[in-house]
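Descriptive structure summary
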Amino acid sequence: NCRRCKMKIPRQADLACGNWGVIGDQAGKATFVEVCSEKGANLLDGAVKAGVLKTGAANPKGVEIRGKVENAMLKLGDKWRARYFEDLGEGKDRLKKIMDETSRCIKCYACIENCPICYCVECSTKKSYLVTPGQVPPPFMFHLIRYAHISDSCINCGQCEENCAMDIPNALFMHALQTDLQEMFGYTPGVDMELPVLALVEEQTERKRLADTGSDQIFNIFE
Ligand code: SF4
Ligand code: SF4
Ligand code: SF4
């Protein structure tokens, strides 16, 4: 997952810290901090005032090196994506590969339980009219439901693959779909603050409705 990641410096966070660009006598002793929001700036100021942190201006040469390292890593990310995604093939070939690999699923639910995007009160994969209960391996619908619900918002964290009891490359499949959707619709999960492509309603309103009613649908398109 890290190989395919292109979030090398998380500037959507308040502070982005790391060691790229820390050079000279500071190498190994200091941390490069990018201040990305007012909240981040206030936090840093507060820490300096409290005497727990010392800051200094970044070395211009270090800034240049940091930029170069970041660019090189982004290119590497593209390279790894190309290699992994090309191996999956296209269209029906890709579908067949995904169906073959997921056919050894034992329906342990670890992929759903560990996914930060799968937050539903009740999961559609547990509905008997969608996924026949007690069947192992489960019908492909089990996996299709996840692809349909979260392929636009997968952040490639890798948890669905890391925790899969059957070593199914779930994150690779989802990330490949997510990348295609991002190309089509321009939505970057984990960065864009507006609703993802597949969300039809206001998330906060939906969360409240789920909590108030105990409903198990992420969104209700029938009202
Ligand atoms: S890689 Fe994507 S689908 Fe898998 S657990 Fe992370 S966010 Fe969920
Ligand atoms: S209903 Fe869909 S999005 Fe919700 S937990 Fe289940 S698979 Fe994940
Ligand atoms: S973690 Fe793996 S074995 Fe478990 S339900 Fe998900 S795909 Fe199937």
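In the block above lies the structure referred to throughout.
Notes on the structure follow. (Residues numbered from 1 in each chain as written. Chains lettered and ligands numbered in written order. Predicted model: local features only at pLDDT ≥ 70, side-chain atom pairs only at ≥ 80, totals over all residues. Heavy atoms only, no water.)

**Remarks on the overall build of the protein**
Counting its regular elements, the protein contains eight helices and two strands. What you see in the protein, going N to C, is helices and strands ordered as β-β-α-α-α-α-α-α-α-α. By its C-alpha atoms, the protein is 65 × 45 × 30 Å across when sized along the principal axes. In the protein, buried positions account for 31% of the 223 residues. Taking the contacts inside the protein whose residues are at least 6 apart along the sequence as the reference set, 61% of them involve residues at least 24 apart. Of the accessible surface of the protein, which amounts to about 14000 Å², a share of 55% is contributed by carbon and sulfur atoms. Within the protein, the 30 negative side-chain charges are centred at a point lying 6 Å from the centre of the 28 positive side-chain charges. (Helix = DSSP H or I, 4+ residues; strand = E, 2+ residues; numbered from the N terminus. Buried < 20%, exposed > 50% of the residue type's maximum accessible area, 1.4 Å probe, protein only. Contact = heavy atoms within 4.5 Å. Areas by Shrake-Rupley, 256 points an atom, 1.4 Å probe, with all protein chains shown as cover. Lys, Arg positive; Asp, Glu negative; His and termini not counted. Charge placed at Lys NZ, Arg CZ, Asp CG, Glu CD.)

**Overview of the site of ligand 3**
Contacts to ligand 3 come from 13 residues, most closely from Cys105, Cys108, Tyr109, Cys111 and Cys164. Of all elements in the fold, only helix 4 (110–113) and helix 5 (141–150) reach the threshold of two or more residues within the shell around ligand 3. Here the residues of the shell around ligand 3 sort into ten nonpolar, two polar and one charged. (Near = heavy atom within 4 Å. Nonpolar A, V, L, I, M, F, W, Y, C, P; charged D, E, K, R; others polar.)

**A look at a negative patch on the surface**
The grouping of Glu86, Asp87, Glu90 and Asp93 at the surface amounts to a negative patch. Checked against the element boundaries, Asp93 lands in helix 3 (residues 91–102). Its relative accessible area of 58% is what places Asp93 among the exposed residues. (Patch = residues over 30% accessible without salt bridge, like charges linked within 9 Å, V, L, I, M, F, W, Y side chains within 5 Å. Salt bridge = Lys/Arg side-chain N within 4 Å of Asp/Glu carboxyl O.)

**Thoughts on the nonpolar core**
In terms of nonpolar packing, the biggest core is built from 24 residues, with Ile112, Phe142, Tyr147 and Phe173 touching the most fellow members. Those elements that provide at least two residues to this core are helix 2 (60–88), helix 4, helix 5 and helix 7 (170–185). Per element, the largest residue contribution to this core is five residues, and it comes from helix 7. (Core = buried A, V, L, I, M, F, W, Y, C linked by side-chain atoms within 4.5 Å.)

**Things to note about the site of ligand 2**
With respect to spatial proximity, nine residues lie near ligand 2, and among them Cys118, Cys120, Cys123, Ser124 and His149 are the closest. At three residues, helix 5 tops the list of elements feeding residues into the shell around ligand 2.

**Looking at the side chain of Thr125**
Residue position: Thr125 is located in the loop between helix 4 and helix 5. A relative accessible area of 1% places Thr125 in the buried class. Discounting chain neighbours no more than four positions away, the residues touching Thr125 are Tyr109, Ile112, Val131, Phe142 and Ile145.

**As for the environment of Cys2**
With respect to the element layout, Cys2 can be found in the segment before strand 1 (15–18). Sequence separation of Cys2 and His149 is 147 residues, and the distance between their C-alpha atoms is 23 Å.

**Overview of the pattern of salt bridges**
In total, this model carries eleven salt bridges according to the counting rule given. Among the salt bridges present, the one from Arg11 reaches Glu70, with a minimum N-O distance of 3.0 Å. A residue pair is termed long-range when its members are at least 10 positions apart, and Arg11 in the segment before strand 1 and Glu70 in helix 2 qualify at 59 residues. Among the residues examined, Arg11 registers a relative accessible area of 39% and is labelled partly exposed.

**Concerning helix 3**
Look at helix 3: 17 Å from first C-alpha to last across twelve residues, which is about the 16 Å you get at 1.5 Å a residue. Those residues of helix 3 that fall on the buried side of the exposure criterion are Arg94, Ile98 and Thr102. For helix 3, the buried positions fall inside an angular range of 60° around the axis, keeping them on one side. The exposed set on the far side of helix 3, more than 90 degrees from its buried face, consists of Lys92, Asp93 and Lys96. Looking at the packing, one finds that the buried side of helix 3 touches helix 2, helix 5 and helix 7. (Expected span 1.5 Å × (residues − 1). Arc of directions from axis to C-beta.)

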